[in-house]
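# Working through the structure, step by step
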Amino acid sequence: MQNYQMFIGGVFADASDGETLETVDPFRGDVWARIPRARSKDVDDAVRAAREALETGPWATITGTERGKYLSALADLIERNRDRLAEIETRDNGKLLRETRGQLGGVAECWRYYGGLADKIEGRSIPLGKADTISFTTREPIGVVAALTAWNSPLWFTAVKCAPALAAGCTVVVKPSEFASASTLEFAELVRQAGLPDGVFNVVTGLGQEAGAALVEHPDVAKITFTGSDSTGARVYETAARSMKRVSLELGGKSPNIVFADADLDLAAAGAVSGIFGASGQMCTAGSRLLVQRSVMEEFSGRLLELARRIRLGDPMDPETDVGPISTPPQFRKVMEYLAVAEADGARCILGGRAAEAPNLTGGQFVEPTILADVSNSMRIAQEEVFGPILSIIGFDTEEEAIRIANDTQYGLVAGVWTGNMARAVRMSKALHVGTVWINTYRAYSYMVPFGGMKHSGLGREGGIEAVDEFLETKNVMISTAETAPSNPFVMR
Ligand code: NAD
């Protein structure tokens, strides 16, 4: 049994009242760790530490180059600890080890990338056309940042939120999901080893409605960067508005993966399978609505089924496994409920459709990869985010119809387009109301590109150079170089 502590002001500590929460391995079904259950007093301690570090600590005065060196040192430490961190994350959320390992390579590079940007935060000189006035802008750290993360990729979210925030000169308090906090606490130990000044990076753990809510409400938090469901995101946004906090939200999706008859159907079938069954469908980017041009519906469905039937469910640590367990008991119940909803609404199940049971599937949280045909876009299964391995196939005839169906959702995170016609690909990329369009590919991620949603999928962008802006305030300075008083003080020069 592993007993974790939080990281506040450079010190590892239990919750002030000593309470803990259990952490369950979703594959084995056993409790393998305990994490502190922080209450508002602990959150207050963490925010105070972050504020002190921001205002009086060395972080406030060191150069961007020095901040960048700390971030690069962290990248080196992540690389050295990559296998261990990947195993811990897989143990915590059941995502395939080969996937968490791959993701951690990106996590290390992400810290290095923002380390490189830390000394490139520049203002502008604005030519006003007035001989005796100079105008320029400076970019200043926004303040203490609260980073709230979801359970499906904790260290990736921590990187894409905290690396640009620290590069910008902010200090942070991270609150990982209560279902998967261990890897973020392990990461805090690397922060200690990298020698970041005390209070610059803090982690509090606990329940969303306790520790999370206390952090969102805290008057000394200037900015919230949140990844999670749209219902929680809306609550966070509402609370933040009361104290004018800045907010970035990375929320859910009901993403269309659109297959035209002129596409390479083998490539498209592979993209559709990994787009919905990868990570057991527990991705904000899941391509859960598969829009297929009717002229190739039969042929394409056949290729899809052939690939999907070969999926091997099993231990996420096993390199032979394709799909692991559902990460949490509430998420498992939600997926099962949606199977019933889809059936009641008249969707035709052509693969799976049940909880998966076999001697090698321990923990009791496996769902068969499920494909539903004859889905209409107005059905709940096509409109609501499931966050599980359920694919809905929807037919279309023309490009216009595909665009109309694709955009007919409250979400707008990503879309996939499969076509051999480049002109169509470009037209589609313009017409789709989403933050990311993938052409002849799916799940193509990089910390170097801006990522985020339109509509209910969120607010703001993570990744890329743009992400640093999310943690900066712009200040304008006007300097007069006039050496004589104006002849009339009421006339502006
Ligand atoms: P969630 O909304 O339940 O929780 C997210 C975080 O918010 C957790 O740390 C949780 O403890 C905290 N939280 C919960 N209630 C809170 C409250 N009242 N106040 C403050 N914080 C609170 O989401 P989840 O179940 O952890 O994650 C799944 C969701 O995340 C899905 O909807 C998925 O689409 C979304 N997601 C989005 C992205 C993206 O980049 N757009 C990526 C991954 C997941």
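A brief report on the enclosed structure follows. Sequence positions are assigned chain by chain, starting from 1 and proceeding in written order. Where totals are concerned, whole chains, interfaces and linings use all residues; where local detail is concerned, this predicted model gives features only for residues with pLDDT of at least 70, and gives and counts side-chain atom pairs only at 80 or more. Computation of side-chain values: all heavy atoms of the structure, hydrogens and water removed.

Below, the discussion takes up the layout of surface pockets. Put simply, the grid is 1 Å and covers the protein atoms alone, a cavity is a trapped set of points that fit a 1.4 Å probe, a pocket is an open set with protein on both sides within 12 Å along at least five of seven lines, and lining residues have an atom within 4 Å of a point. Grid points are joined across faces, edges and corners, and a volume is the space filled by probe spheres set on the points. Quantified by volume, the largest pocket comes out at close to 1100 Å³. Under the DSSP-based scheme used, a helix requires at least four consecutive residues in state H or I and a strand at least two consecutive residues in state E, with every element numbered from the N terminus. Only α7 (208–217), β10 (223–227), α8 (230–242) and α11 (329–344) provide two or more residues apiece to the lining of the largest pocket. Reported domain spans reflect what an automatic or database domain assignment gives. Formed jointly, the lining of the largest pocket draws a minimum of three residues from each of two domains, domain 1 (2–251 + 457–476) and domain 2 (256–439). Computed from the structure, the second largest pocket encloses a volume of approximately 540 Å³.

What follows deals with the site of the ligand. Here a residue is near a molecule or strand as soon as one of its heavy atoms is found within 4 Å of it. Near the ligand, the surroundings consist of 28 residues, among which Thr-149, Lys-175, Glu-178, Leu-251 and Glu-385 are the closest. Residue Trp-151 places a side-chain N or O atom 3.0 Å away from an oxygen atom belonging to the ligand. Distance and chemistry together define a polar contact, namely a pair of N or O atoms within 3.5 Å, with one atom able to donate a hydrogen and the other to accept it when in protein, and with adjacent residues in sequence counting only for side-chain atoms on both sides. Interatomic distance of 2.6 Å between a side-chain N/O atom of Glu-385 and an oxygen atom of the ligand. A 1.4 Å probe and the Shrake-Rupley method give the accessible areas. Residues count as covered only by the protein chains that appear here. Look at the ligand: alone it shows 850 Å² of surface, and the protein chains cover 89% of it. With respect to the pocket detection grid, the ligand is positioned in the largest pocket. Of all the secondary structure elements, the ones that give two or more residues to the shell around the ligand are α7, β10 and α8. Split by residue class, the shell around the ligand holds 13 nonpolar, ten polar and five charged. Split by domain, the shell around the ligand shows at least three residues from each of two domains, domain 1 (2–251 + 457–476) and domain 2 (256–439). Those molecules having more than half of their atoms within 2 Å of a cavity or pocket grid point set are described as sitting in that cavity or pocket. Just so you know the grouping, Ala, Val, Leu, Ile, Met, Phe, Trp, Tyr, Cys and Pro go in nonpolar, Asp, Glu, Lys and Arg go in charged, and all remaining residues, Gly too, go in polar.

This paragraph deals with α7. Working note: α-helix, 3.6 residues per turn, so residues spaced by three or four point in the same direction. All of the buried residues in α7 are Ala-211, Gly-212, Ala-214, Leu-215 and Val-216. Here, two residues are considered to be in contact whenever any of their heavy atoms come within 4.5 Å of each other. Buried residues along α7 sit in contact with α1 (40–55), β7 (144–148), β8 (171–175), β10 and α8. Buried means the residue's accessible area, taken with a 1.4 Å probe over protein chains only, is under 20% of the maximum for its type, while exposed means over 50%, and partly exposed covers the values in between.

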